[in-house]
Amino acid sequence: MKKRAYTAEEYAEGIASGNRVLLSRAITLIESTRPEHQELAHQVLERCMPLAKSLVRIGITGVPGVGKSTFIEAFGSQIIEQGHRVAVLAIDPSSRLNRGSILGDKTRMEQLSLDENAYIRPSAAGDSLGGVARKTREAMILCEAAGFDVVLIETVGVGQSETTVRDLTDFFLLLLLPNAGDELQGMKRGIVEMCDWLAINKRDINATAAKIARAQYNNALHLFPKKGSNWTASCSLCSATNGEGILDIWETIKQYIELTKTNDFFDKNRKSQTLYWLHESIQQELGNAFRRNERVIAQLPDIETAVLTGKKSVSQATKELMQLIIF
Ligand code: GDP
């Protein structure tokens, strides 16, 4: 049976009243590459934006196997008990082509996925991290309009996706394994530096190793320059399977919100993120317009050959191609 077509108003009203089917369908529109879907998605988004008032957006990263989905399941369930509603999204650079490997398998968060106060959406597919991030950001706004006041964005601890999630969220949490001595556990120092909190998971397996690792990370954290938020990152221990230390992390996040709302960093950071995504979006659209331009399509092979044979410099070739879309 063909699905009924809804207007932008119907989508927005449905989302605002907590209709999950319409929320999911609106996110599918956002993820679609068809121009008519994108047009409708923009209209829905504009209507939902004023309604999107979330308490906090939390980024979660860590190497595969560290326990991210187990953590999210425990954390999500515990804060739902405190009256919050939780949306879980993902940015998964390994699933650009295959839909959502991070959250595609819903069994990873069995309990949470059944909870009516949780909404779990697999990572969007796309041909660039920037494109996926833009869709995730828009999906996040729709979730917030649907009344999910805590948004979790999960990513795997590899590559560029941490920076992207950092630019989408207020608070960035890194999960680590209790392997003392594995300094920074193969993760780039830069990732530790951009985090607001480190949590060593699986402390139930080896509490001694976990404590040693905590001391090492706390020492390393002291060496980083102070953050613009004026917040001091630190390291705690938790166990996602037995729930230990999970609510302490929520308490930490609440302290972070209080501090950064008081010193204005919270709002300033969200504003600068919005501007960042505006400029990212402009770049993406310029790139799309360039690649779709018929004159560019016609002349690109010859210009590429001229560059490869040394007849044209890269700068000259770029200039000539840009002129094709500007004039
Ligand atoms: P992800 O790849 O980071 O999402 O990791 P998962 O959440 O899938 O967890 C990987 C494995 O570690 C699973 O078998 C979990 O049951 C296990 N695990 C996760 N957290 C803990 C923990 O706190 N303690 C113990 N003992 N095992 C855990």
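Residues numbered from 1 in each chain as written. Predicted model: local features only at pLDDT ≥ 70, side-chain atom pairs only at ≥ 80, totals over all residues. Heavy atoms only, no water.

J.: Whenever I open this one, the site of the ligand confuses me. Can you help?
T.: Of all residues adjacent to the ligand, which total 16 residues, the nearest are Gly65, Lys68, Thr70, Arg108 and Asp204. The separation between an oxygen atom of the ligand and a polar side-chain atom of Thr70 is 2.5 Å. With the chains in place, 70% of the 580 Å² that the ligand exposes on its own is no longer accessible. When the residues that make up the shell around the ligand are grouped by side-chain class, the tally is five nonpolar, seven polar and four charged. (Near = heavy atom within 4 Å. Polar contact = N/O pair within 3.5 Å; in protein donor to acceptor, adjacent residues only side chain to side chain. Areas by Shrake-Rupley, 256 points an atom, 1.4 Å probe, with all protein chains shown as cover. Nonpolar A, V, L, I, M, F, W, Y, C, P; charged D, E, K, R; others polar.)

J.: Looking at this model, I keep getting lost on the confidence of the model for the protein chain. Mind explaining?
T.: Detailed conclusions should not be drawn from predicted coordinates in areas where pLDDT is low. Here the protein chain averages 88 in pLDDT, while 91% of its residues score no lower than 70. Every residue in residues 96-100 is under pLDDT 50, and counting partners more than four places away or in other chains gives 14 contacts. (pLDDT = per-residue confidence, 0-100. Contact = heavy atoms within 4.5 Å.)

J.: Explanation requested: the sheet that holds strand β6 (residues 197-200) in the structure shown.
T.: Sheets are built from strands that pair by backbone hydrogen bonding, the pairs being arranged parallel or antiparallel. The strand order β3-β2-β4-β1-β5-β6-β7 describes an open sheet built from seven strands, whose pairing is parallel. The open sheet terminates on both sides in strands that have one partner only, identified here as β3 (118-120) and β7 (234-237). Averaged over neighbouring strand pairs, the angle between their axes works out to 25° when direction is ignored. Packed on one face of the sheet, helix α9 (residues 207-222) meets β5 (171-176), β6 and β7 and runs near 170° to β7. (Pairing = 2+ DSSP bridges. Helix = DSSP H or I, 4+ residues; strand = E, 2+ residues; numbered from the N terminus. Axes fitted to C-alpha atoms, helices over the stretch in contact; angles between N-to-C directions.)

J.: Got a minute to help me understand empty space enclosed by the protein in this structure?
T.: With a probe scaled to a water molecule rolled over the atoms, the places where space remains empty come into view. Summed over all chains, the structure comprises three cavities of 30 Å³ or more. A volume near 50 Å³ is recorded for the largest cavity. If you go around the largest cavity, the residues you meet are Glu31, Leu89, Ala90, Arg121, Pro122, Ser123, Ala124, Lys135, Thr136 and Ala139. Residue assignment for the lining of the largest cavity shows that the elements contributing at least two residues are β2 (86-91) and α6 (129-145). Examining the composition of the lining of the largest cavity, we find that three residues originate from one element, α6, more than from any other. Split by residue class, the lining of the largest cavity holds five nonpolar, two polar and three charged. (1 Å grid on protein atoms, 1.4 Å probe; cavity = no way out; pocket = protein on both sides within 12 Å on 5 of 7 lines; lining within 4 Å. Points joined across faces, edges and corners; volume = space filled by probe spheres on them.)

J.: Please clarify how the nonpolar core should be interpreted in this entry.
T.: Generally speaking, soluble globular proteins have nonpolar side chains that are buried together. Formed by 51 residues in total, the largest nonpolar core has its most connected members in Ile15, Leu23, Leu142 and Leu198. Top contributing element to this core by residue count: α6, with eight residues. Look past the residues within four positions of Leu23 in its chain and what remains in contact with it is Ile15, Tyr119, Leu142, Cys143, Ala146 and Phe148. Counting residues in hydrophobic clusters, the runner-up holds 34 residues, among them Phe71, Cys238, Ala240 and Trp250. (Core = buried A, V, L, I, M, F, W, Y, C linked by side-chain atoms within 4.5 Å. Buried < 20%, exposed > 50% of the residue type's maximum accessible area, 1.4 Å probe, protein only.)

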